[in-house]
Amino acid sequence: MSNSNHTQAAQDRYFMMLAIEQAKQGLYTTRPNPAVGCVIVQAGMVVGQGFHPKAGQPHAEVFALKDAGAQAVGATAYVTLEPCSHTGRTPPCALGLIEAGVQRVVIAGLDPNPQVAGRGVQLLEQAGIDVTVGVLTEQAEALNRGFLKAMRTQMPYVRLKIATSLDGRTAMATGESKWITSVAAREDVQKLRALSGAIITGSETIVTDDPQLNVRSTQLGVPAEQVPTPKVVVLDRRQRLAHNAQSEYQLCRRADTLYWRKDDLAELLRHLVSEHQCYDVLVEAGASVAGSFLCQQLVDELIVYQAPCLLGAAAQPMVNFHPLSLSEQLRFKVSSHEQLGPDLKLTLYPL
Ligand code: AOF
Ligand code: ZN
């Protein structure tokens, strides 16, 4: 690589990083749309920036171009997702960039939405714009796991969250579980919920914990009211729960709670994508539901919050499954570990 190419590659990564920072501002509010950021650079200086704040509102490029004004002429635009080519709730961003006179467009990754899927790049190139694809792709894609997986496979990205003791217990034999993990760990769970289009729980969890499963954090960087409420799904195969306004359980009083009475979890996940545009799904349930999702290989990411305490052998296990030999164990790759207050947070990928 020549020296100037080298400098350009480093510059591209730097400005893409700024565009990713822009995108992050929409992380909890754009659902079901992806979080996207855009930075416009003229002669090495940022002259415009923007992000997509909410489905139905303008895309990142529109805000960045407006911010740049006449300085967009001859500039380079850094976008964390391929600029769209379709007229949806808003006009195509590729045309917006062309009309603004941008000279070069740097894109982190292509948009797998079948309405776009390379046509954004094609429009830009046909207009004589120099296009570079593939700068900080992994970092940009990490913001939109659900959207990208759903567009590619029609299945959502599934996170399974479990809060345990050091000996892997989630509650006492009586069901008592409030609280094993700290406030810091439970605040972090609010972020997982805020990322999710749907939260899946089990009828057993409703009966024993009567949870709210809503987003009420003050630490998301945006007011909790701006976060679209995740759809709650209750696995209720045995039809234990009747839903009506008088129900003794909070979630059963919510009119939008979905009761899933079939056994087929993969079918439920497909249904959540096709009928409800839920691309990120969080499973917050007990050991049986966790076991079903894991054993059916429906989990993309396991998040374990582990409190430094021992609850003993009579307490409830974190996953209900019964391998007969070591060869039937479930194994994971540790993606990250961090300390939250007194607790540990482990993020793992099933192998
Ligand atoms: C962009 N820039 O900032 C975003 C894009 O319904 P609409 O019109 O908002 O279109 C949503 C689709 O546009 C979404 O599914 C994805 O393919 C793309 N998102 N594209 O050029 C953006 N958020
Ligand atoms: Zn667009």
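What counts and what doesn't
- Residues numbered from 1 in each chain as written.
- Chains lettered and ligands numbered in written order.
- Predicted model: local features only at pLDDT ≥ 70, side-chain atom pairs only at ≥ 80, totals over all residues.
- Heavy atoms only, no water.
- Donors = N, O, S within 2.8 Å, 3.2 Å for Na, K, Ca; no water.
- Tetrahedral: all angles 85-135°; square planar, octahedral: opposite > 155°, others 65-115°.
- Buried < 20%, exposed > 50% of the residue type's maximum accessible area, 1.4 Å probe, protein only.
- Near = heavy atom within 4 Å.
- Polar contact = N/O pair within 3.5 Å; in protein donor to acceptor, adjacent residues only side chain to side chain.
- Areas by Shrake-Rupley, 256 points an atom, 1.4 Å probe, with all protein chains shown as cover.
- Nonpolar A, V, L, I, M, F, W, Y, C, P; charged D, E, K, R; others polar.
- Pairing = 2+ DSSP bridges.
- Helix = DSSP H or I, 4+ residues; strand = E, 2+ residues; numbered from the N terminus.
- Axes fitted to C-alpha atoms, helices over the stretch in contact; angles between N-to-C directions.
- Contact = heavy atoms within 4.5 Å.
- Salt bridge = Lys/Arg side-chain N within 4 Å of Asp/Glu carboxyl O.
- pLDDT = per-residue confidence, 0-100.
- Phe/Tyr/Trp six-rings, centres within 6.5 Å; stacked < 30°, edge-to-face > 60°.
- Lys NZ or Arg CZ within 6 Å of the ring centre and 35° of its normal.
- UniProt positions renumbered as here; feature names shortened; annotations may be inferred.

The next thing to look at is the coordination of the zinc ion (ligand 2). Listed as protein donors to the zinc ion (ligand 2) are His59 (ND1), Cys84 (SG) and Cys93 (SG); their distances from the metal cover 2.0 to 2.2 Å. For the zinc ion (ligand 2), the four donor atoms in the first shell make angles of 98 to 119 degrees at the metal, a pattern classed as tetrahedral. The motif formed by the donor residues of the zinc ion (ligand 2), counted along the single chain, is H-x24-C-x8-C. In this pair, the class of cysteine 84 matches that of cysteine 93, namely buried.

We now examine the site of ligand 1. As a matter of local geometry, ligand 1 sits amid 18 residues, with His59, Glu61, Arg89, Asp111 and Asn113 nearest to it. Between ligand 1 and aspartate 111 there is a distance of 2.5 Å, counted from an oxygen atom to a side-chain nitrogen or oxygen. In this structure, an oxygen atom belonging to ligand 1 sits 2.8 Å away from a side-chain N or O atom of asparagine 113. Within the complex, the protein chains bury 95% of what would otherwise be the 520 Å² of accessible surface of ligand 1. Of the residues contributing to the shell around ligand 1, the split by class is seven nonpolar, seven polar and four charged.

Right, let's get into the sheet that holds strand β3 (residues 76-79). The mixed open sheet is built from five strands, whose spatial order is β2-β1-β3-β4-β5. Whereas interior strands pair on both sides, the edge strands pair on one side only; in this sheet they are β2 (45-51) and β5 (130-133). Going from strand to strand, the sheet's axes swing by 15 degrees on average, the running direction of each strand aside. Helix α2 (residues 60-68) contacts β1 (37-42), β2 and β3 of the sheet and is inclined by roughly 145 degrees relative to β2.

The tally for this structure, following the rule as stated, stands at 16 salt bridges. Ionic pairing is found between lysine 24 and glutamate 21, a salt bridge with its closest N-O pair at 3.1 Å. On the criterion of helical spacing, the pair formed by lysine 24 and glutamate 21 is a turn pair, its members being three residues apart in helix α1 (residues 3-24). The partly exposed category is assigned to lysine 24, whose relative accessible area is 39%. We note a salt bridge from lysine 149 to aspartate 300, for which the minimum N-O separation is 3.0 Å. Of this pair, lysine 149 sits in helix α6 (residues 145-153) while aspartate 300 sits in the loop between α10 (287-295) and β12 (301-306), placing them 151 residues apart in sequence. Salt bridges sharing partners connect three or more residues here, namely Asp12, Arg104 and Asp130.

Along α10, the positions that sit buried rather than exposed are Ala287, Val289, Ala290, Gly291, Phe293 and Leu294. Following α10 by one or two positions, glutamine 297 has its phi on the positive side, about 55 degrees.

Looking now at the confidence of the model for the protein chain. For the protein chain, mean pLDDT is 94; residues scoring 70 or higher make up 99% of the total. For this predicted complex, the interface confidence comes out at an ipTM of 0.92, alongside a pTM of 0.94.

With that out of the way, let us pick up the packing of aromatic side chains. Each aromatic ring pair is characterised by the separation of its centres together with the angle its planes make. The final tally for this structure, using the stated rule, is three aromatic pairs. Centre to centre, the rings of tyrosine 14 and phenylalanine 15 are 5.2 Å apart; their planes meet at 70 degrees, and the pair counts as edge-to-face. The class of phenylalanine 15 is buried, set by a relative accessible area of 5%. Considering the side-chain rings of phenylalanine 15 and tyrosine 78, the 5.4 Å spacing of their centres and the 40 degrees angle between planes classify their relative orientation as tilted. Placement of the pair is phenylalanine 15 in helix α1 and tyrosine 78 in strand β3, with a sequence separation of 63 residues. In this structure tyrosine 78 comes out as buried when scored by relative accessible area, which is 2%. One aromatic cluster in this structure is built from Tyr14, Phe15 and Tyr78. Note that arginine 186 overlies the ring of tryptophan 179, its terminal NZ or CZ placed 4.0 Å from the centroid.

A word on the UniProt feature "active site" (unreviewed entry) in the protein chain. As annotated in UniProt, the feature "active site" (unreviewed entry) corresponds to Glu61 in the numbering used here. Among the secondary structure elements, glutamate 61 is positioned in helix α2. Dropping the residues within four chain positions of it, glutamate 61 is found in contact with Cys38, Val79, Leu81, Pro83, Cys84, Cys93 and Leu97.

All right, on to the sheet that holds strand β8 (residues 198-202) then. One open sheet holds the eight strands; their spatial order is β10-β9-β8-β11-β6-β12-β15-β14, and the pairing between them is mixed. Of all strands in the sheet, those with a lone pairing partner are β10 (258-260) and β14 (332-340), marking the two edges. The mean angle between the axes of side-by-side strands here comes to 20 degrees, regardless of whether they run parallel or antiparallel. In the sheet, β8 pairs with strand β9 (residues 231-235) via five bridges, with the strands oriented parallel. Looking across to β9, one finds that isoleucine 200 is bridged to valine 233. Together, β6 (157-164) and β11 (280-283) form the strand contacts of α6, whose direction differs from that of β6 by roughly 135 degrees. On the sheet, helix α7 (residues 183-195) packs against β6, β8, β11, β12, β14 and β15 (343-350) and is oriented at approximately 160 degrees with respect to β12.

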